[in-house]
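# Structure at a glance
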Amino acid sequence: MHIFNQTGRYFALLLRVFSRPEKYSLYIKQTFSEIDNLGVKSVGIVAIISVFMGGIMTLQVAYNMTNPLLPTTLIGLGNRDSLILEFSSTIMGLIMAGKIGSNITSEIGSMKVTEQIDSLEIMGVNSASYLILPKIIAVVLMFPFLYILSVFFGLIGGMIVGPAVGAVSVTDYLNGIQSSFTPYYVTFSLIKCLVFGFLIASISAFFGYTVEGGAFDVGSASTRAVVNTNILILVWDLILTQLLF
Amino acid sequence: MIEIKNIYKSFDQKEVLKNISMVFNQGETNLIIGRSGSGKTVLLKSIVGLHEVDSGHIFYDNRDFTLMKAKFRKKLRQEMGMVFQGGALFDSMTVEENVRFPLDMFSTLSFAEKQKQVDFCLERVNISDSNKLSPSEISGGMKKRVAIARAIVMNPKYLFCDEPNSGLDPETSMVIDELVHSITVDLKITTIINTHDMNSVMEIGDNILFISEGEMCWEGNRKEILQTENQQLQEFVFANKQYQKIRDDKIKE
């Protein structure tokens, strides 16, 4: 029963979030601030993780290609398609759920337990919309950009590690990442990014907004938000893969 | 004027407020007093609509708040100002931005006009030299003053304060009391303060409601409280010998 109760409360909160803003200019300003805080400030971690992810993927493909008849250009191709289809969207989604999601839950949760949300309500502000809508817009807008950056840095990582360990030459690697390219894979992953971005921002905000108690409860809510977001990202990955392929 | 009629409120079948009725007058400092856990905060939050009452009515100048649609409630809330126990200032904003926030959200004033109003309110609470600081850089007393400035920036008709003196030293508490009282009288607003600070009761209690275990036990003013024969109220107010002496001295006066 608890899961139905929580789901009902989640959708009730979303109804409040998507109601008409009191003042558009203030919401737009807040959205830009969230784009900077949640999106731009995530570029560094996305780049670092992606470089390593691309490097490791290149090594894995190279070490598992035991047949000498297979061309080494497949190493670049394997790395590219893995990054485009799953690693830069789903794995990055799971990582962003930890980074951005816990940030959103703890920020909104702290505001809840220190009565800042009550204070907004007393002023006549729709606190759910003012606090959550700019975050959802920011994450949904930024996640596709982070995905593209992740693919780029992942390919760079492969280009550094592959030739460095002698698994593939730079020329073969570059030829590999340019061969048999299917643009739809990118479209598919961008659609996933939009869905994952929405899930990360809305679920984390829900757990923050509904927290009761004190600092300990905010911590627990952050953990629950990350766990639930991760599970739902994987569930939606499965659903979208089945629907869009 | 705010009138509450037969208010009942319960949480998980535990009755927290039982049949509370009272009239809070305009231009007066109305106090809700009682022991910790007596239901003061629940009553205040029910009056402002942060908790929905189970039954009863709340009238703001004869407008029934309990029957109001959300849209009209939101409009009415723009006539309210509230000072929360911990100040509830927005951490991400400076003192000045905190006070300006309601104006940014709801007014059509120019930036210069808004700034003038913010400066006036900060001056009113004697904190105009800290406007660029963030809430984490100011003391508890200053936070309360900023919260008061933010609460009055929209020229509210109703002001609510939830334990404005908690965690403050006696001198700062007196300053806050005097500030709230003078704002109430000068701006002719209806002020309701939740407190268990007896100094506040003696100094600014124009109209006092005493509640115990969610029930209304006594109502009167600071003069009447000294002569009360209500046993529960006597035990609460005069638990400290210092207050017994104050009572005796005031009676002699």
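All values derive from a computational prediction rather than experimental measurement.

## Topic: the overall build of chain B
- The helix and strand tally for chain B stands at 10 helices and 10 strands.
- Rg of the C-alpha trace for chain B: 18 Å, near the compact-globule value of 18 Å for 253 residues, within the 12% margin.
- Burial status across chain B gives 41% buried among its 253 residues.

## As for the overall build of chain A
- Tallying secondary structure elements over chain A gives 9 helices and 0 strands in all.
- Mapped in sequence order, the helices and strands of chain A form the string α-α-α-α-α-α-α-α-α.
- Expressed as lengths along the three principal axes of its C-alpha atoms, the size of chain A is roughly 70 × 40 × 35 Å.
- Sorting the 245 residues of chain A into buried and exposed places 44% on the buried side.
- Considering only residue pairs separated by 6 or more positions, chain A has 88% of its internal contacts joining residues 24 or more positions apart.

## Some thoughts on the nonpolar core
- Counting residues in each nonpolar core, the largest one holds 122 residues, and the members touching the most others are A:Val139, A:Ile200, B:Ala149 and B:Phe160.
- Take this core: its biggest share by element is 16 residues, from helix H6 (residues 127-164) of chain A.
- Inspection of this core shows a minimum of three residues originating in each of domain 1 (12-79 + 167-253) and domain 2 (88-155) of chain B.
- Leaving out residues up to four positions away in the same chain, B:Ala149 has contacts with B:Val99, B:Cys121, B:Leu122, B:Arg124, B:Val125 and B:Ile127.

## Remarks on the interface of chain B and chain A
- Each partner contributes residues to the interface: chain B has 16 residues there, and chain A has 13 residues.
- Mapped onto the side of chain B that touches chain A, the elements with two or more residues apiece are helix H2 (70-77), strand E6 (80-83) and helix H3 (95-106) of chain B.
- Tallying contributions element by element places H3(B) first for the side of chain B that touches chain A, with 4 residues.

## Notes on the environment of A:Met92
Residues and elements named next belong to chain A.
- Within the fold, Met92 resides in helix H4 (residues 73-113).
- For the pair formed by Met92 and Ser50, sequence separation is 42 residues and the distance between their alpha carbons is 8.4 Å.
- Ignoring anything within four residues of it in the chain, the contact list for Met92 reads Val46, Leu146, Tyr147 and Ser150.

## Describing the domain arrangement of chain B
All names here are of chain B.
- Annotation of chain B at the domain level lists domain 1 (12-79 + 167-253) and domain 2 (88-155).
- The C-alpha centroid of domain 2 is placed 25 Å from the C-alpha centroid of domain 1.
- Counting residues at the interface gives 8 residues for domain 1, matched by 8 residues for domain 2.
- Split by residue class, the side of domain 1 that touches domain 2 holds 5 nonpolar, 3 polar and no charged.

## Points about helix H6 (residues 170-187) of chain B
Residues and elements named next belong to chain B.
- Helix length check: H6, at 18 residues, gives a terminal C-alpha distance of 26 Å against a target of 26 Å (1.5 Å per residue), a fit within 8%.
- Listed as buried for H6 are Ser173, Ile176, Asp177, Val180, Ile183 and Thr184. Axial view of H6: buried residues confined to an arc of 135°, hence all on one face. Residues of H6 that are exposed and point over 90 degrees away from its buried face: Glu171, Glu178 and Asp186.
- For H6, the secondary structure elements touched by its buried residues are strand E3 (29-33), helix H5 (140-152), strand E7 (158-162), strand E8 (190-195) and helix H7 (198-204).

## Concerning unusual backbone geometry
- A positive phi angle, near 65°, is found at A:Glu115, a position not held by glycine.
- For A:Glu115, the position within the fold is in the loop between H4 and helix H5 (116-123).
- Positive phi is not limited to glycine here, since B:Asn126 has a value of about 55°.
- Its place among the elements puts B:Asn126 in the loop between helix H4 (111-124) and H5.
- Taking the C-beta count within 10 Å as the criterion, B:Asn126 has 13 such neighbours and is therefore assigned partly exposed.

## Overview of the pairing of strand E2 (residues 14-24) of chain B
All names here are of chain B.
- In this sheet, E2 lies alongside strand E1 (residues 2-11) in antiparallel orientation, the contact comprising 7 bridges. Directly across from Ser10, in E2, lies its bridge partner Glu15.
- Following E1, the chain reverses through 2 residues before pairing antiparallel with E2; Asp12 in that reversal takes a positive phi of roughly 50°.

## Thoughts on the packing of helix H8 (residues 183-209) of chain A against helix H9 (residues 215-244) of chain A
Residue and element names in this part refer to chain A.
- Running from N to C, H8 and H9 cross one another at 155°; their axes reach a closest spacing of 9 Å. One element, H8, and the other, H9, form an angle in the roughly antiparallel class. Of the two possible hands of crossing, H8 and H9 adopt the one that is right-handed. Judged by residue contacts, Phe188, Ile191, Lys192, Val195, Phe196, Leu199, Ile200, Ile203, Ser204, Phe207 and Gly208 of H8 engage Ala221, Arg224, Ala225, Asn228, Thr229, Leu232, Ile233, Trp236, Asp237, Leu240 and Leu244 from H9.
- Here the contact of H8 with H9 is composed, by residue class, of 15 nonpolar, 4 polar and 3 charged.

## Details of the environment of B:Glu113
- Position of B:Glu113 relative to the elements: it lies in helix H4.
- Taking the C-beta count within 10 Å as the criterion, B:Glu113 has 12 such neighbours and is therefore assigned exposed.

## Side note on H5(B)
All names here are of chain B.
- Look at H5: 19 Å from first C-alpha to last across 13 residues, which is about the 18 Å you get at 1.5 Å a residue.
- All of the buried residues in H5 are Met142, Lys143, Lys144, Arg145, Val146, Ala147, Ile148, Ala149, Arg150, Ala151 and Ile152.
- Residues of H5 that are buried make contact with E6, H3, H4, E7 and H6.

## Some thoughts on the environment of B:Ser200
Residues and elements named next belong to chain B.
- With respect to the helices and strands, the residue Ser200 is situated in helix H7.
- Overall, Ser200 belongs to the buried group, with 26 C-beta atoms counted inside 10 Å.
- For the pair Ser200 and Gly49, spaced 151 residues apart in the sequence, the C-alpha separation amounts to 25 Å.
- In contact with Ser200, other than residues within four places in its own chain, are Leu31, Asn165, Asp177, Ile193, Thr195 and Gly205.

The rules behind each value
- Residues numbered from 1 in each chain as written.
- Chains lettered and ligands numbered in written order.
- Predicted model: local features only at pLDDT ≥ 70, side-chain atom pairs only at ≥ 80, totals over all residues.
- Helix = DSSP H or I, 4+ residues; strand = E, 2+ residues; numbered from the N terminus.
- Rg over C-alpha atoms; globule rule 2.2 N^0.38 Å.
- Buried ≥ 20, exposed ≤ 12 C-beta atoms within 10 Å, placed from the backbone.
- Contact = placed C-beta atoms within 7 Å.
- Core = buried A, V, L, I, M, F, W, Y, C linked by C-beta atoms within 7 Å.
- Domains from an automatic or database assignment.
- Nonpolar A, V, L, I, M, F, W, Y, C, P; charged D, E, K, R; others polar.
- Expected span 1.5 Å × (residues − 1).
- Arc of directions from axis to C-beta.
- Pairing = 2+ DSSP bridges.
- Axes fitted to C-alpha atoms, helices over the stretch in contact; angles between N-to-C directions.
- Parallel < 35°, antiparallel > 145°, perpendicular 65-115°, else oblique.
- Left-handed = near helix turned anticlockwise from the far one by under 90°.

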